[in-house]
Amino acid sequence: MGVTYLFKSERLGFRNWIPSDIEKLVRINADKEVMQFFPALPSIQETIAFIERMQTQFAKKNYCYFAVDELASGTFIGFIGLSDQTYDSDFTPHTDIGWRLRRSSWSRGYATEGAKACLEYAKQELNIPEIFAVASKVNLNSINVMEKIGMSYVKNFEHPGLKHNASLKTCVLYRYKKRSN
């Protein structure tokens, strides 16, 4: 029985989360290099809660940070997608685009390819007019992806969830605005 994808890019398949993803995301979340721009490594319980939040959001809105498989191998490589953000700021609530991939899938263009596919899905299927992305100012790889997918720099800000982390608290905000036809 094959996997049903909500949509695909050239090399990636995007889908809702399934129970067998938990252990795989736990391994990704335990990689200190993958999580270097986060204040702590998520616990197993936090990873399960994250997946449950994504499943709930998907059921309500038809989007989430999607589970992503490499199509050629069928291997789960992490997540890329859209999620609602509601932390305290002058630009929330908003729809965010984000990604987290296992280290062995880095430097292959997957984050850029997947983020472009998610923006297209948001524009064509969901009619979301504006999407934001946030990264710590020191996370140059994610900022590079934001720029490659056509997002525009808005500003630097102090992230309220990172205020006690001197090296991560200054973040950049980027925006993608759907063009009118």
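Residues numbered from 1 in each chain as written. Predicted model: local features only at pLDDT ≥ 70, side-chain atom pairs only at ≥ 80, totals over all residues. Heavy atoms only, no water.

**Examining unusual backbone geometry**
Inference 1: Along the chain, threonine 92 connects to proline 93 via a cis peptide bond; the corresponding omega equals 0 degrees.
Inference 2: With respect to the helices and strands, the residue proline 93 is situated in the loop between β4 (75-85) and β5 (94-101).
Inference 3: A positive phi is found at asparagine 127, a non-glycine position, where the angle reads about 55 degrees.
Inference 4: If you trace the backbone, asparagine 127 turns up in the loop between α3 (110-126) and β6 (130-136). (Helix = DSSP H or I, 4+ residues; strand = E, 2+ residues; numbered from the N terminus.)

**Observations regarding helix α2 (residues 44-61)**
Counting along an α-helix, one turn takes 3.6 residues, and residues three or four places apart therefore face a common direction.
Inference 1: Look at α2: 26 Å from first C-alpha to last across 18 residues, which is about the 26 Å you get at 1.5 Å a residue.
Inference 2: Buried residues of α2: Thr47, Phe50, Ile51, Met54, Gln57 and Phe58, and no others. On an axial view of α2, the arc spanned by its buried residues comes to 125 degrees, and they lie on one face. Exposed and oriented more than 90 degrees from the buried face of α2 are Gln45, Ala59 and Lys60.
Inference 3: Looking at the buried side of α2, the elements it contacts are α1 (21-29), β3 (65-70) and β4.
Inference 4: Looking one or two places after α2, you find asparagine 62, whose phi comes out positive at around 70 degrees. (Expected span 1.5 Å × (residues − 1). Buried < 20%, exposed > 50% of the residue type's maximum accessible area, 1.4 Å probe, protein only. Arc of directions from axis to C-beta. Contact = heavy atoms within 4.5 Å.)

**Some points on the pairing of β6**
Inference 1: Judged by how many residues are buried, β6 sits mostly within the fold: five of seven residues are covered.
Inference 2: Pairing between β6 and strand β8 (residues 170-177): seven bridges, direction antiparallel. Bridged to alanine 133 within β8 is tyrosine 174. (Pairing = 2+ DSSP bridges.)

**Some remarks on the nonpolar core**
Inference 1: Counting 46 residues, the largest nonpolar core has Phe14, Trp17, Phe66 and Ile97 as the members making the most contacts within it.
Inference 2: When residues of this core are assigned to their parent elements, the largest contribution, eight residues, is made by α3.
Inference 3: Setting aside anything within four residues of it in sequence, one finds phenylalanine 66 in contact with Leu6, Phe7, Phe14, Arg15, Trp17, Phe58, Gly78, Phe79, Ile80, Gly81, Cys118 and Tyr121. (Core = buried A, V, L, I, M, F, W, Y, C linked by side-chain atoms within 4.5 Å.)

**Structural notes on the side chain of aspartate 21**
Inference 1: Inspection of the secondary structure assignment puts aspartate 21 in helix α1.
Inference 2: You can call aspartate 21 buried: its relative accessible area is 0%.
Inference 3: Setting aside chain neighbours within four positions, we find aspartate 21 in contact with Arg15, Asn16, Ile51, Ala67 and Phe76.

**Section: the environment of glutamate 125**
Inference 1: Mapped onto the fold, glutamate 125 is located in helix α3.
Inference 2: Considering only alpha carbons, one finds glutamate 125 and asparagine 62, 63 residues apart in sequence, at a separation of 9.4 Å.

**Some words on the packing of α1 against α2**
Inference 1: Two elements in contact, α1 and α2, have axes whose closest approach is 10 Å; the angle formed by their N-to-C orientations is 125 degrees. With respect to α2, the element α1 is oriented oblique. Where α1 crosses over α2, the two elements pack in a sense that is right-handed. The residues of α2 that touch α1, namely those facing Asp21, Ile22, Leu25, Val26 and Asn29, are Ile44, Thr47, Ile48, Phe50 and Ile51. (Axes fitted to C-alpha atoms, helices over the stretch in contact; angles between N-to-C directions. Parallel < 35°, antiparallel > 145°, perpendicular 65-115°, else oblique. Left-handed = near helix turned anticlockwise from the far one by under 90°.)

**With respect to α3**
Inference 1: Taking 1.5 Å of rise per residue, the 17 residues of α3 would be expected to cover 24 Å, and the 22 Å separating its terminal C-alpha atoms lies within 8% of that figure.
Inference 2: Among the residues of α3, Tyr110, Ala111, Thr112, Glu113, Gly114, Ala115, Ala117, Cys118, Leu119, Tyr121 and Ala122 are the ones counted as buried.
Inference 3: One or two residues past the end of α3 sits asparagine 127, with phi positive at roughly 55 degrees.

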